[in-house]
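Chain by chain, the residues run as shown.
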There are 2 protein chains.
Amino acid sequence: MVRKLDPAKHQARRQHIVNAAAELFAVKGFDRTTTAEICKAAGISAGNLFHYFSNKRAIFLAVLEEDEERAEGLARARTSDDPWAALLEVVDLLAAPAAEPSAPRLVMEAMVQAHHDPELSARLSRDNDEEHAVIAALIAEAAADGQIDPGLKPDDTASWVLALIASLYTSAATDPAFAPTEQLPTLKLILHRFLRADSPSAGNMPRLGVERIGPTTRQREDAPAEPMTPAARPQR
Amino acid sequence: MVRKLDPAKHQARRQHIVNAAAELFAVKGFDRTTTAEICKAAGISAGNLFHYFSNKRAIFLAVLEEDEERAEGLARARTSDDPWAALLEVVDLLAAPAAEPSAPRLVMEAMVQAHHDPELSARLSRDNDEEHAVIAALIAEAAADGQIDPGLKPDDTASWVLALIASLYTSAATDPAFAPTEQLPTLKLILHRFLRADSPSAGNMPRLGVERIGPTTRQREDAPAEPMTPAARPQR
DNA sequence: GTCTATAGCCCGATAGAC
DNA sequence: GTCTATCGGGCTATAGAC
C-alpha cells in the first residue's frame, strides 16, 4: 500500500526490530513485553513500529522465522545412505541452537503462546511434523539395515527422540546450571543405548546380579562411542 | 486481621477458587486470565476474591501447592533397600500427574512464569532440588549395588531422568496426540536401557553388523522387562 | 517516512453501601 | 462478609503534524 523508498533498507530495519524484540521476548516473555519497549530497544519511536509489523504477534512470528540451515540439513538427511549417521547429524542440527543464550526461553515461550495463537500453533506443528517425518524415516531405515533395534515403533520412537532434544531447551531455560553443549554427549549416549540396545540375544534383559562389577562404558569427557560432529554452530 | 467466622468454610471456599483458577490458568495462561474471570468461574463477585488472596500471583502459587503423595513417596524412596525398584517408583510418582487433563499446561505455565516471579522460581527450584537429590542418591546406590552402569555420574544422570519425566508434561502440553499414560512404558524402556546398559562386556559398544536380524526386545503393549505399578493415580 | 500525542480499551485492586 | 461501582494505570494501535 505504502511505497517503500528503499526495500533493502526497510528489510534491514525490520530485522533490527526483530532482533531487539527477540531479546525482550526471551527475558520478559511475550505478554509482558510492550510494543513501547520494543520500539525503545530498537531505537525507533512508538507509532513507527506498525509500519513494519501489523501487530505484536507478527513480530513474534518473525522472530521464529525459518532457519535455513535447519531446512538444508533436513533435506540432506532425507537422501543419506547411512541412516544412523544421518540421524546423529539431525540431532546435532536441531540441538545446536539450544546453546544460544536466548533460544531456550524463546522456544518455551513459543510453546506456551501457541496455545492462544492458532497461526503460531500451525507454524510450530508444521516444523515439528517435518522433523518427525524425517526422523521416523531414518529410524525405519536404520532398523531395516540392522543398525538399531527393529522392535521400536518408528513414530513413537521419533517422538521421543524429538522430546529428548526438546529437553535440551527446557532444561537450559529452567536450570541455569545446565549447559546444552556439555550435555549433548550425554543426550547422544541415551539415544545410542535406547535405539541400538545391542543386548546380543535379549528377549527381556537379564536382571543384573551383584556379580558384575567390572568397568563398563565411560560417560562424560569422551564421546558416546560414536563420532561427534562439532555441533556448536550459531543460528540465525 | 479480619476474624473469620468459620475457618473451615473459608478454607473450602478458598479451595473452590483455586480449582476454578487452575482450569483457567491451564487453558488461557496466567497473564491472559483476569481476576474477573476467576471470580465469575468461582461464582463469587469481583472484589470478593481479594479477601482470600492478596493478589493474582498468590492464587497461582496456591494452585501449585504441595502434593502430599509426592512428599510421602519421596520420603519412602529414601529408605528403600532396593534402589532400582525405588527409582522406578519415583518415576511413577512424578509421572502420574501428567495424565491429568490440565496438569501439563499448568506445569509449563509455571516454568515460564518462574522467570518473572522469584517466589515461584524458588518454589520450583526447591521441589526440583528435592527430587534431584533423591534420584541422584538412588542412582549412586544402584550403581554401587551393580544394578546400573557405574560409569554414569549420579548428578548429571539424575538431571536427565528428571528431564525425561518432564518430557511427559511438555509433550502432552504441546502435542494433542501424546498420551502420557500410554507413553510411560516407553519412558521406562529408555531409562532401563540408558541406566542399566547391560551390554555384557562392553568397553565401547560393538557396531551392529547386518548379520543380526532376529527379534529383539519388543516395545509397546508389554512392560519394559520391569514390573509396572498401576501409576494412573489422580493428583490433588 | 518518521515523529508525537492520544484515543479507546481493559486490567488489577480498592472503597464503601448493604 | 459480600456485593457494586470505580479508580488509577498501562496497553495496543491510530491520527495527524512535520
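Every value quoted in this text rests on a predicted model; they were computed, and no experiment measured them.

Asks: Give a detailed account of the overall build of chain A, specifying residues and quantitative values.
Replies: The helix and strand inventory of chain A stands at nine helices and zero strands. For chain A, the sequential pattern of α-helices and β-strands runs α-α-α-α-α-α-α-α-α. For chain A, the exposed surface amounts to about 11400 Å²; the carbon and sulfur share of it is 55%.

Asks: So what's going on with the nonpolar core? Residues and values would help.
Replies: In this structure, A:Ile135, A:Trp160, A:Leu168, B:Ile135, B:Trp160 and B:Leu168 are the most contacted members of the largest nonpolar core, which totals 78 residues. Discounting chain neighbours no more than four positions away, the residues touching A:Ile135 are A:Leu87, A:Val90, A:Leu94, A:Ala158, A:Val161 and A:Leu162.

Asks: Before we move on, can you summarise the UniProt feature "domain: HTH tetR-type" (unreviewed entry) in chain A with the specific residues and values?
Replies: Mapped onto this structure's residue numbering, the UniProt feature "domain: HTH tetR-type" (unreviewed entry) falls at residues 11-71 of chain A. Here residues 11-71 of chain A runs as 62% helix and 0% strand, with 22 Å between its end C-alpha atoms.

Asks: How would you sum up the packing of aromatic side chains? Please name residues and give values.
Replies: Here the distance between the centres and the angle between the planes together describe a pair of aromatic rings. On inspection of all chains with the given rule, the structure shows eight aromatic pairs over all chains. Summarising the aromatic geometry, the rings of B:Phe25 and B:Phe30 are spaced 5.3 Å apart at their centres and angled 40° between planes, so their arrangement reads as tilted. Like B:Phe25, the residue B:Phe30 is buried in the burial classification. Aromatic ring contacts, followed pair by pair, group A:Phe25, A:Phe30 and A:Phe60 into a single cluster. Cation over ring: A:Arg196 sits above A:Trp84, and NZ or CZ is 4.4 Å from the ring centre.

Asks: I'd like to hear about the environment of A:Leu184, residue by residue, with values.
Replies: Note on placement: A:Leu184 falls in helix H9 (residues 180-196). Taking the C-alpha atoms as reference, A:Leu184 lies 9.1 Å from A:Ala96; in sequence the two are 88 residues apart.

Asks: An account of the packing of helix H5 (residues 83-95) of chain A against helix H8 (residues 154-174) of chain A is requested, with residue identities and associated values reported.
Replies: Residue and element names in this part refer to chain A. Following both chains from N to C, one finds H5 and H8 inclined at 30°, their axes separated by 10 Å at the closest point. When the axis of H5 is compared with that of H8, the two are roughly parallel. The handedness of the crossing between H5 and H8 comes out as right-handed. Here Val-91, Leu-94 and Ala-95 of H5 lie close against H8, whose contacting residues are Val-161, Leu-162, Ile-165, Leu-168 and Tyr-169. Broken down by class, the residue content of the contact of H5 with H8 amounts to eight nonpolar, no polar and no charged.

Asks: Describe in detail the domain arrangement of chain A, supporting the description with residues and values.
Replies: Residues and elements named next belong to chain A. With domains assigned, chain A is organised as domain 1 (7-63) and domain 2 (68-219). Counting from both sides, the interface comprises twelve residues of domain 1 and, opposite them, ten residues of domain 2. On the domain 1 side of the contact with domain 2, Ala-26, Phe-60 and Leu-61 bury the most area, a combined 54% of that side's loss. Applying the counting criterion to the domain 1 and domain 2 interface returns two salt bridges. Across the salt bridge formed by Arg-57 and Asp-117, the nearest N and O atoms sit 2.8 Å from each other. Our enumeration of links across domain 1 and domain 2 arrives at four residue pairs in polar contact (both at pLDDT 80 or more). Those elements that place two or more of their residues in the side of domain 1 that touches domain 2 are helix H1 (7-28) and helix H3 (56-63).

Asks: Pulling in residues and values, what's your account of H9(A)?
Replies: Residues and elements named next belong to chain A. Between its terminal C-alpha atoms H9 stretches 23 Å, which fits the 24 Å expected from 17 residues at 1.5 Å a residue. For H9, the tally of buried residues reaches 14 of 17 residues, placing the bulk of the element in the interior. A positive backbone phi angle near 45° is found at Ala-197, which sits one or two residues after H9.

Rules behind the numbers
- Here the residue numbers are simple positions, counted from 1 along each chain's written sequence.
- As a convention, the first chain written is A and the first ligand written is 1, with the rest following in written order.
- Predicted model: local features are reported for residues with pLDDT of at least 70 only, side-chain atom pairs are reported and counted for 80 or more only, and whole-chain, interface and lining totals are derived from all residues.
- Hydrogens and waters are ignored; side-chain quantities use all the structure's heavy atoms.
- Only runs of H or I of at least four residues qualify as helices and only runs of E of at least two qualify as strands under DSSP, and these elements are numbered from the N terminus.
- All accessibility values rest on the Shrake-Rupley procedure with a 1.4 Å probe; residue burial counts only the protein chains present in the view.
- What is meant by a nonpolar core is a set of buried Ala, Val, Leu, Ile, Met, Phe, Trp, Tyr and Cys residues, joined one to another through side-chain atoms within 4.5 Å.
- The cut-offs for exposure are 20% and 50% of the maximum accessible area for each residue type, with area from a 1.4 Å probe on protein chains only; residues under the lower value are buried, those over the upper are exposed, and the others partly exposed.
- Contacts between residues were defined by any pair of non-hydrogen atoms, one from each residue, lying within 4.5 Å.
- UniProt positions are given in the numbering used here, feature names are shortened, and annotations may be inferred rather than shown by experiment.
- Pairing of aromatic rings covers Phe, Tyr and the six-membered ring of Trp, with a centre-to-centre limit of 6.5 Å; geometry is then stacked below 30 degrees between planes, edge-to-face above 60, and tilted otherwise.
- The rule for a charge over a ring is simple: NZ of Lys or CZ of Arg within 6 Å of the ring centre, and within 35 degrees of the ring normal.
- Comment: axis = line fitted to C-alpha atoms, over the contacting stretch for helices; angle = value between 0 and 180 degrees taken between N-to-C directions.
- The labels follow the angle: roughly parallel below 35 degrees, roughly antiparallel above 145, roughly perpendicular from 65 to 115, and oblique for the rest.
- Note on convention: the crossing is left-handed when the near helix lies turned anticlockwise from the far helix by less than a right angle, right-handed when the turn is clockwise.
- In this classification, the charged set is Asp, Glu, Lys and Arg, the nonpolar set is Ala, Val, Leu, Ile, Met, Phe, Trp, Tyr, Cys and Pro, and all remaining amino acids, among them Gly, are polar.
- Domain segmentation is taken from an automatic or database assignment of domains.
- We define buried area as the total accessible area lost by two parts upon association, computed with a 1.4 Å probe and summed across both.
- By definition here, a salt bridge exists when the distance from a side-chain nitrogen of Lys or Arg to a carboxyl oxygen of Asp or Glu is within 4 Å.
- Definition of a polar contact: a pair of N or O atoms within 3.5 Å, with one able to donate and the other able to accept a hydrogen when the atoms are protein atoms, and with sequence-neighbouring residues admitted only if both atoms are side-chain atoms.
- How far a helix is expected to stretch is found by multiplying one less than its residue total by 1.5 Å.

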